[in-house]
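# Structural characterization, general
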Amino acid sequence: MGEREVERAQIVCKELKKTIPAARVELNYSNPLELMVATVLAAQSTDVKVNEVTAVLFKKYQCAADYVAVEAEELEEDIRSTGFYRQKAKNIRAAMAMLIDEHDGQVPGHMDALTRLPGIGRKSANVILGNVYGVPGIVVDTHVGRVSRRLGLTAERDPGKVEMALAQLLPDEEWTAFGQRVVLHGRYVCKARKPLCNECTLMPHCDYFASQIERT
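It should be emphasised that the depicted structure is a prediction, and the values quoted were computed from it without experimental measurement.

We now examine the overall build of the protein chain. Regarding its fold elements, the protein chain presents 12 helices and zero strands. Its helices and strands in sequence order give the protein chain the pattern α-α-α-α-α-α-α-α-α-α-α-α, from N to C terminus. The dimensions of the protein chain, computed from C-alpha atoms along their principal axes, are 60 × 30 × 30 Å. Counting only residues that meet the buried cut, the protein chain has 46% of its 216 residues in that class. Relative to all contacts within the protein chain whose residues are 6 or more apart in sequence, the contacts with residues 24 or more apart total 59%. Total accessible area computed for the protein chain in this model is approximately 11,400 Å², and 51% of it derives from carbon and sulfur atoms. Once the 28 positive and 29 negative side-chain charges of the protein chain are each reduced to a mean point, those two points are 7 Å apart.

This brings us to the packing of aromatic side chains. By the definition in use, this model includes one aromatic pair. Here the aromatic rings of Tyr 61 and Tyr 67 are separated by 4.6 Å at their centres, their planes lie at 15°, and the arrangement is stacked. The exposure classification of Tyr 61 matches that of Tyr 67, with both residues buried. Note that Arg 150 overlies the ring of Tyr 208, its terminal NZ or CZ placed 4.4 Å from the centroid.

With that out of the way, let us pick up the nonpolar core. Core analysis: the largest hydrophobic core is formed by 37 residues, its most contacted members being Met 36, Leu 57, Tyr 67, Leu 75, Ile 79, Ile 92 and Met 96. What Met 36 contacts, discounting residues up to four positions off in sequence, is Ala 95, Met 96, Leu 99, Val 107, Leu 117, Ile 120 and Ile 128.

The next point concerns unusual backbone geometry. Glycine aside, a negative phi is what most residues show, and trans is what most peptide bonds show. Unusually for a residue other than glycine, Phe 84 sits at a positive phi of about 50°. Topologically, Phe 84 is positioned in the loop between α5 (72–79) and α6 (85–103). At Asp 104, a residue that is not glycine, the phi angle is positive and equals roughly 55°. Tracing the sequence through the fold places Asp 104 in the loop between α6 and α7 (111–115).

Bringing the environment of Val 135 into the picture now. Positionally, Val 135 belongs in the loop between α8 (122–133) and α9 (142–151). What makes Val 135 partly exposed here is its relative accessible area of 30%. For the pair Val 135 and Gly 109, spaced 26 residues apart in the sequence, the C-alpha separation amounts to 8.2 Å. When neighbours within four sequence positions are excluded, Val 135 is seen to be in contact with Gly 109, Leu 129, Gly 130 and Thr 176.

Rules used in this analysis
Residues numbered from 1 in each chain as written. Predicted model: local features only at pLDDT ≥ 70, side-chain atom pairs only at ≥ 80, totals over all residues. Heavy atoms only, no water. Helix = DSSP H or I, 4+ residues; strand = E, 2+ residues; numbered from the N terminus. Buried < 20%, exposed > 50% of the residue type's maximum accessible area, 1.4 Å probe, protein only. Contact = heavy atoms within 4.5 Å. Areas by Shrake-Rupley, 256 points an atom, 1.4 Å probe, with all protein chains shown as cover. Lys, Arg positive; Asp, Glu negative; His and termini not counted. Charge placed at Lys NZ, Arg CZ, Asp CG, Glu CD. Phe/Tyr/Trp six-rings, centres within 6.5 Å; stacked < 30°, edge-to-face > 60°. Lys NZ or Arg CZ within 6 Å of the ring centre and 35° of its normal. Core = buried A, V, L, I, M, F, W, Y, C linked by side-chain atoms within 4.5 Å.

The following block contains the structure:
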């Protein structure tokens, strides 16, 4: 961590607050259990598709016991359109059984407990902790990794290392909102194939944009 990276992270954080004032996860949910299920379904899928599925799913399954009681094939069919539905259904049912056995059917508010649940990795755990329990954490998905490297905040590629690198650049009270804003910035502006550099307020602070200028 150098002074340059710290200064740039502060600038990026400030600018993103202006362009994305309402930092939020784009998955629809009304309680911790719903958000947990949505994060499992979001793997290799889009938030739009997951929200379409959960609009019906969450009316049918309202507690951990509901997911355990249903036949696996029925749950698979209910979530089929999110992709990888067999593995997702298996993970959801196993995670719900653990919630019942170990947490009275409630979603735990601790990283270690969350990441022990099938289908819940560190990224998903940070989504749940930050949005439900107010525990600071930076969600690192492909968007966050890509944008962070383009901006010169880190050269790391492993999500865990990216998270740790970014966490050193900002105070923890900024982590959750910063991560969510970077996700949205990467999704809608700093796209993987065709970044909208001319529409980006971070352009003056971006190593990627500077490198493109040098090539022309």
